[in-house]
Amino acid sequence: MRLAADTGGTFTDLVVERGQGVQLYKSATTPADPASGIINAIALAAQDAQTTVQALLAETDVFIHGTTRAINAILTGTTARTALICTRGHPDMLLLREGGRTQPFNWSYGYPDPYIPRALTFEVAERIGSQGEIVQALDRPAAIEVIEQLAAAQVESVAVCLLWSIANPAHELALGELLERHLPGVPYTLSHALNPTLREYRRASCAAIDASLKPLMNAYLEGLEARLRGAGFAGRLLMVTSSGGVVDASDMAAAPIHSINSGPAMAPVAGRHYAALDGDCENAVVADTGGTSYDVALVRRGRIPVTRETWLGLEYEGHITGFPAVDVRSVGAGGGSIAWMDAGGLLHVGPQSAAADPGPVCYGRGGVLPTVTDASVVLGYIDPEYFLGGMMRLDAAGSAEAIQQRIAGPLGLDLHEAAAAIMAVATERMIQSIEEITVNQGVDPRTAVLVGGGGAAGLNAVAIGRRLGSPRVVIPQAGAVLSARGALMSDLLSEYASAFFSGSDGFDHARADQLLSELRTRCLRFASRAGTSAPPQIEYIAEARYRHQVWQLDVPLRNGELGSPEALQHLIEDFHAVHEEVYAVRDERAVIEVVNLRARVRCPLGEPVADTVALAPASHAATTREVYFSGTGALDAAVHRLEETPPGTTITGPAIIESSFTTVVLHPGASAERSSSGSIVIIPELAEAGVPSCPARSPDVVS
Amino acid sequence: MADRRSTTEMSNGTEPRERDVVALAVMINRMEGVVRKMTNTLFRTARSTVLNTARDFSCCVVSANHELLAMGESLPIHVISGPDLISRWLTELHHDLRRGDAFLHNSPYHGNSHAGDHCIVVPVIDEQGVHRATALVKAHMADIGNSEPTTLTATARDVYEEGALIFPCVKIQEGYRDIGDVIRMCETRIRVPEDWYGDYLGMIGAARVGEREMLRIGEEVGWDAFERYVADWLDYSEERIRATIRTLPAGRRTGYDIHDAVPLRGVENGVQLQATVTVDPSAGVIEIDLRDNPDCLPCGINLTQSTSQTGALIGVFNSIDHTLPRNTGSARAINILLRENCCMGIPVHPASCSMATSGLSERLAGIVQRTLAEFQDGIGMASTGPECPPATAGLSGRDPRNGNARFVDMMILGNSGGAGHPHGDGWLTNGETSDGGSMMRDSTEVLELLRPIRVWSDRIVPDTEGAGRFRGAPSLYVEYGPVETELEVLYAADGTVNPALGTRGGESGALVRPFMRKADGEIVALQAWTRVVLEPGETIVSISSGGGGYGPPVERDPDHVRRDVLEGWISEQRASAVYGVVLASDGSIDLEATAARRAALAEGDDGSAATRLEDSVMRLLEPGVRLWPTRGPTA
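Residues numbered from 1 in each chain as written. Chains lettered and ligands numbered in written order. Predicted model: local features only at pLDDT ≥ 70, side-chain atom pairs only at ≥ 80, totals over all residues.

J.: Kindly report on the overall build of chain A, identifying the contributing residues and their values.
T.: Counting its secondary structure elements, chain A contains 18 helices and 34 strands. A principal-axis box enclosing the C-alpha atoms of chain A has dimensions of 80 × 60 × 60 Å. Here chain A holds 703 residues, and 55% of them are scored as buried. Of the contacts made within chain A by residues no fewer than 6 positions apart, 67% connect residues no fewer than 24 positions apart. (Helix = DSSP H or I, 4+ residues; strand = E, 2+ residues; numbered from the N terminus. Buried ≥ 20, exposed ≤ 12 C-beta atoms within 10 Å, placed from the backbone. Contact = placed C-beta atoms within 7 Å.)

Here is the structure:
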């Protein structure tokens, strides 16, 4: 049995894959102690299976977890107080970065701060040269003095980045030892160990971000693992990485930078699956509406784009993370986003969020600021008696009062108009973020299916689909837990690298083979406990370039070896071919240099286990309720329970389709059909003539 | 979708036509995507650090009617004007363009920026043989076979002394194959021909990627539809900029600056420069008159037609709504008046324009943006620091690690500080006004990997900013030298005499200061325009210029001054003397003392000379001096 849990700002989602069935659960996130939220969700699953948490966890082979904890700490400025130790003469690496700007005439803001302030940056006398030679030995007494200053400055974590530590790590290692001795208990990151890449800024930035996350992520992961083990879990705890792979929890604790974008990384995997299955389209905009943020990703011709260089914030101006990541954009707009008025009387929604605690006003947990969820209650979108399947009664009067007082009154609107305005502003922000990943990248959103994930997706999915001109909107049955669902659909993936430098004019075959064999061992070790039956697939890659180039291309090794002259000859041919394919030219005269060797292990899961479409007999007569739509005002909308709607059923708006996890609002003029996989497939309105169409999936690209 | 379309009168008076705004935005962004792919190709494949790390190159797409369509992340000085002129020359000089052709172009007399920028120009030809667009790659080469191993020579009296090989749209590929004659000419003249050829291949690759992608667009949308998109895009851009100009105050002002002297007869006293800016809101037009400037000068700093136009346009684009598209459409609303045989105009052969992308074009953009700032608080900008300190020198020598192979390259570290502007402080890595900070900077490790040099230091210099309500960026200190070899260093630095000027009461930035540290540790000052050969153990110390400030320093937010002190950007003394902000011993702002000090400054107690570059620089020249913070780190 496998479990996947995704902890968001508001809800903790759990997906249980047992035998041939997949079940979904949702529980409130408990920010002070996130492990409780996970255990609460597991308790729901146990109850459902008429067993205990202990017994359920004992049966669990693999537990996959994604969390927004790291990124939230960065966004809210609550990472550890971190210092940087660097080579003397180069204290401004994090400030100067690599230069560059994308908008040369945009002078609407000043120069961005470094990730670690200059006041917490410390130089040590030492210097290593480009060949790894020691130009100036590390001044140990001076280094100890620096470490004493760190203690005085009450530093909670330390990043170390020295020039050329990738060629010779001796001085970084020595500083590591000195830190252990003179600053015990304070975690640190050595740049060469985290990301042995050329270019000092990249290593420094990586090390700084990683170190700043260590105290909080270590505490979190230790706590979570202890809680799960204590509750009977004896399987393998895997953490989702930013690039959509997984690593063992202990590896994540050693390098928490990999968890930065782990929260939303898996949603596109599930989104792609449903777009192909229910939307018959290989382009998809996958949008995950959380309580706090709206995360969007583009699936283009069946592929999920991974950015090679990821930045926190703007490219060149933010902070480079140095590792690849699934390309997901986030805006602060979700169910918990707060509606507020600025001094000029303009209505805004977000980015502030009521999050899980206190939550929207209607949760009755002390929240007083109206949110998107409150607006949905006022508009009749959400039934206050049937939220989370009736597990939580909502305070509709509280929602109405908050919107009346804080928004409707000041704007001079009636209550429903004000609530509709809140929805409209939130919708607009979401549309802008989708346009950023489509229009701004030259993709017409009218050629993509919109896949709505997250419990609040259905509230305005039709409105968004209409504005974008989406041909279809798909709300999967598992949409409310899209990321966790994706985690159980993606193959287990991990990657390892070894530094290796050799030119084709004097190739070191023996060393290359030795390193490849070490990489193979690490991959097999990872695969041995993956809990999958199919044999692991291991891909070996040489990063190579022409001599005097400084950026590498990935060239897969045909047989995973470089021991023979024939293997080198194959690599050379393949490099020329890849270079010509990517860059339109080849240089047969130039020497080829191999700079790194990597191995990627994939443990395939086989066909994804289908969602269980559980149907209940109709328990009550068809009902209607009054729902307010902007433009038409209040209308009687038919209310359908999802679990009482068999596949093949067609529903036309105005209507509401609701389940324990989600509510889908069908505007007048929209129609929906329940697909055989359980999804709700909506046609927002009749397509305009002459609009570009959505490319149907072709079997070879949907994997 | 009805609300997302707009109907507008075309500026050429044709029938109103409905624009599909979404489809247009998709098309424009798709072309930007083409340019990004071109850029990525050259960046990832080039052999010189000036291209593969500093990214001193540009890619763009020009219409068959010579209109700039998309420029991606290109450097403004390379493309805002230039590719349009080159496209015109291409069709004038070659009447039979065929698919598979490529042209090498660098002529300063035929629309190029300066000879040091090699262009690869590829006409995009459709199935019927019709020229539909042009893909253009322009790269600042490490070497072009000049008389000295640098592409930036201020002290050449004419193009003959500069020694540049000039290629006015010379065909270098036919049927997608190199024309060997031209390649051999380059290889027998340009130093380190294998690196040149590697860079050339990268440029060809980038241009061919652009050609391939443009052909794909043409096939998908049809060339006629493509041309309608182009017309809509340029009209839309023109409407946008005219609407912005209509909000500006009317008037006419003349701004001035001085370029440093060059040690040649005729320029030994510096060059007085001016620009007259007329804003006519009713017509939605800005006019910039550059005709009252000196004739072409007997040295290498003359501007080309493209850099005269672009320098002025950059000054305008820096000053007003940054969201305006930058293309031929928006340039229609800006009239730039040039004359022939003028150092800021249209050069006449054999005037040398070796430095046309830096020196005078920097001064020109600065004049325009400072003059616009005088029209109204909230627009315009101060001057960015003058350019080309020794941290941007041409480097050459032999690499003992690589069989004493010859190398020529150009480093890009520690260039000028950015100017203060109405909304924030100067951009630290601005480098030059002419690229708006979009050029990258070298990595110490990449430089040391590729060349036998060592970068000993790369850091900011406190107290060198042009003070202001929003201050200029400070100078950068870079120290480097050869490793077990000799290193020839060539640079041509403006700004050792005339600093970057502030505006609206903002102060000037610090001057450029070149030094050499001898093997025994002695520091000697170097000249502004020179060639130095360093022995092992010797280093260059380069201090770049600081940017000018915007608005009076006493109007600076005291919290920003405090942060500058705590973070080591300025000293506590300077905070008090120049900004009138006094800090208490715990690092908080002493409100009372600050009020008193600001009142005194308002009455004319000018302490700005008190703490300046000299102290700051001299402290830096001592090895191992800890520069900051002046007090301990605070929680």
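There's plenty left to go through after this.
J.: Which residues make up the overall build of chain B, and what are the values?
T.: When helices and strands are tallied, chain B shows 16 helices and 22 strands. Radius of gyration (C-alpha) of chain B: 25 Å, near the 26 Å computed for a compact globule of 635 residues. Across its three principal directions, the C-alpha atoms of chain B cover 75 × 65 × 50 Å. By the burial criterion, 60% of the 635 residues in chain B qualify as buried. Look at the contacts in chain B between residues 6 or more apart in sequence, and 74% of them connect residues 24 or more apart. (Rg over C-alpha atoms; globule rule 2.2 N^0.38 Å.)

J.: Help me get a handle on the nonpolar core, residues and values and all.
T.: One finds L84, V158 and I422 of chain A to be the most contacted residues of the largest nonpolar core, which totals 214 residues. The element that contributes the greatest number of residues to this core is helix α8 (residues 200–230) of chain A, accounting for 13 residues. If sequence neighbours within four positions are ignored, L84 of chain A has contacts with L94, I116, L120, T121, A159, C161, A204 and A208 of chain A. Counting residues in hydrophobic clusters, the runner-up holds 180 residues, among them L104, C299, A331 and M440 of chain B. (Core = buried A, V, L, I, M, F, W, Y, C linked by C-beta atoms within 7 Å.)

J.: Before we move on, can you summarise the interface of chain A and chain B with the specific residues and values?
T.: Contacts between chain A and chain B engage 52 residues on the former and 63 residues on the latter. Looking at the side of chain A that touches chain B, the elements with two or more residues in it are α4 (93–96) and α8 of chain A. Residues of the side of chain A that touches chain B, tallied by class, amount to 25 nonpolar, 17 polar and ten charged. (Nonpolar A, V, L, I, M, F, W, Y, C, P; charged D, E, K, R; others polar.)

J.: So what's going on with the pairing of strand β19 (residues 513–517) of chain B? Which residues, and what values?
T.: Residue and element names in this part refer to chain B. Bridge count for β19 against strand β22 (residues 539–543) is five bridges, and the pairing is antiparallel. Following the sheet pairing, R517 is matched in β22 by T539. Judged from the three bridges that link them, β19 and strand β20 (residues 523–525) form a sheet pairing that is antiparallel. Paired with F515 across the strands is A525, a residue of β20. Between the antiparallel neighbours β19 and β20 lie five residues, among them G521 with a positive phi of about 100°. (Pairing = 2+ DSSP bridges.)

J.: Describe unusual backbone geometry, with residues and values.
T.: Residue and element names in this part refer to chain A. Cis geometry marks the peptide bond from G350 to P351; its omega dihedral reads 0°. Looking at where P351 falls in the secondary structure, it is placed in strand β21 (residues 347–353). In the segment running from G653 into P654, the intervening peptide bond is cis, with an omega of 0°. Within the secondary structure layout, P654 lies in the loop between β30 (650–652) and β31 (655–658). Despite not being glycine, Q50 has its phi angle at roughly 55°, a positive value. With respect to the helices and strands, the residue Q50 is situated in the loop between α1 (34–48) and α2 (53–59). One non-glycine residue, D280, adopts positive backbone phi at about 50°. Along the chain, D280 turns up in the loop between α11 (267–279) and β13 (284–289).

J.: Explain the packing of helix α13 (residues 396–411) of chain A against helix α14 (residues 415–437) of chain A to me, using residue names and the numbers behind them.
T.: All names here are of chain A. Two elements in contact, α13 and α14, have axes whose closest approach is 9 Å; the angle formed by their N-to-C orientations is 90°. In terms of orientation, α13 and α14 fall into the roughly perpendicular class. Two secondary-structure elements touch here, α13 through A400, I403, Q404, I407, A408 and L411 and α14 through L415, A418, A419 and I422. Among the residues forming the contact of α13 with α14, the class breakdown is nine nonpolar, one polar and no charged. (Axes fitted to C-alpha atoms, helices over the stretch in contact; angles between N-to-C directions. Parallel < 35°, antiparallel > 145°, perpendicular 65-115°, else oblique.)

J.: So what's going on with the packing of helix α9 (residues 305–317) of chain B against helix α11 (residues 359–375) of chain B? Which residues, and what values?
T.: Residue and element names in this part refer to chain B. The interhelical angle for the contact between α9 and α11, taken along N-to-C directions, is 35°, at an axis separation of 7 Å. Of the two possible hands of crossing, α9 and α11 adopt the one that is right-handed. Along its contact with α9, which presents T307, T310, G311, A312, I314, G315 and V316, the element α11 presents S361, L364, A365, I367, V368 and Q369. Here the residues of the contact of α9 with α11 sort into seven nonpolar, six polar and no charged. (Left-handed = near helix turned anticlockwise from the far one by under 90°.)

J.: Any chance you could break down the sheet that holds strand β5 (residues 82–87) of chain A for me, citing the residues and the numbers?
T.: All names here are of chain A. On the basis of which strands lie adjacent, the open sheet formed by four strands has the order β6-β5-β9-β10 and parallel pairing. In the strand order of this sheet, the two ends are held by β6 (121–124) and β10 (188–190), each with one partner. Recorded for the sheet is a direction-independent mean angle of 20° between the axes of neighbouring strands. In the sheet, strand β9 (residues 157–161) pairs with β10 via three bridges, with the strands oriented parallel. Of the residues in β10, the one forming a bridge with V160 is L190.

J.: Any chance you could break down the pairing of strand β8 (residues 170–174) of chain B for me, citing the residues and the numbers?
T.: All names here are of chain B. When strand β5 (residues 102–105) meets β8, the two strands line up antiparallel, connected through three bridges. Bridge pairing links A102 to Q173 in β8. Looking at chain direction, β8 and strand β9 (residues 177–178) are connected through two bridges and run antiparallel. Directly across from E174, in β9, lies its bridge partner R177. Counting the residues in the hairpin turn of β8 and β9 gives two residues, including G175, whose phi is positive at 55°.

J.: Account for α11 of chain B, with residues named and values stated.
T.: Look at α11 of chain B: 25 Å from first C-alpha to last across 17 residues, which is about the 24 Å you get at 1.5 Å a residue. Burial of α11 of chain B is extensive: 15 of the 17 residues sit out of reach of the surface. (Expected span 1.5 Å × (residues − 1).)

J.: Outline the confidence of the model for chain B, listing residues and values.
T.: Residues and elements named next belong to chain B. Chain-level statistics for chain B give a pLDDT mean of 90 and a share of 92% at 70 or above. Contacts for the low-pLDDT stretch residues 1–16, under 50 throughout, to residues beyond four places or in other chains number 20 contacts. Complex prediction metrics read pTM 0.89 and ipTM 0.92. (pLDDT = per-residue confidence, 0-100.)

J.: An account of the sheet that holds strand β15 (residues 405–410) of chain B is requested, with residue identities and associated values reported.
T.: Residues and elements named next belong to chain B. With antiparallel pairing, the four strands of this open sheet are ordered in space as β15-β14-β18-β21. Lying at the two open borders of the sheet, with one neighbouring strand each, are β15 and β21 (529–534). Put simply, the sheet's adjacent strands are angled 15° from each other on average, direction ignored.

J.: If you had to explain the confidence of the model for chain A to someone new, which residues and values would you point to?
T.: Model confidence for chain A is summarised by a mean pLDDT of 89, while 97% of its residues fall at 70 or above. Confidence over residues 697–703 of chain A falls short of pLDDT 50; this stretch has 13 contacts with residues more than four positions distant or in other chains.

J.: I'd like a description of the environment of S113 of chain B, backed by residues and values.
T.: Among the structural elements, S113 of chain B can be located in the loop between β5 and β6 (117–125). The buried category is assigned to S113 of chain B, around which 32 C-beta atoms lie within 10 Å.

J.: Run through the environment of E156 of chain A, naming residues and quoting values.
T.: Here E156 of chain A shows up in the loop between α5 (140–152) and β9. Along the chain, E156 of chain A and P187 of chain A lie 31 residues apart, while their C-alpha atoms are 7.4 Å from each other.

J.: Quick one: what's the story with the environment of K26 of chain A, residue by residue and with numbers?
T.: All names here are of chain A. Structurally, the position occupied by K26 is in strand β3 (residues 21–28). Given 24 C-beta atoms within 10 Å, K26 falls into the buried group. Separated by eleven residues in the primary sequence, K26 and G37 place their C-alpha atoms 9.2 Å from one another. Once residues lying within four places of it in the same chain are set aside, the contact partners of K26 are F11, D13, A41, L388, A480, V481 and F661.

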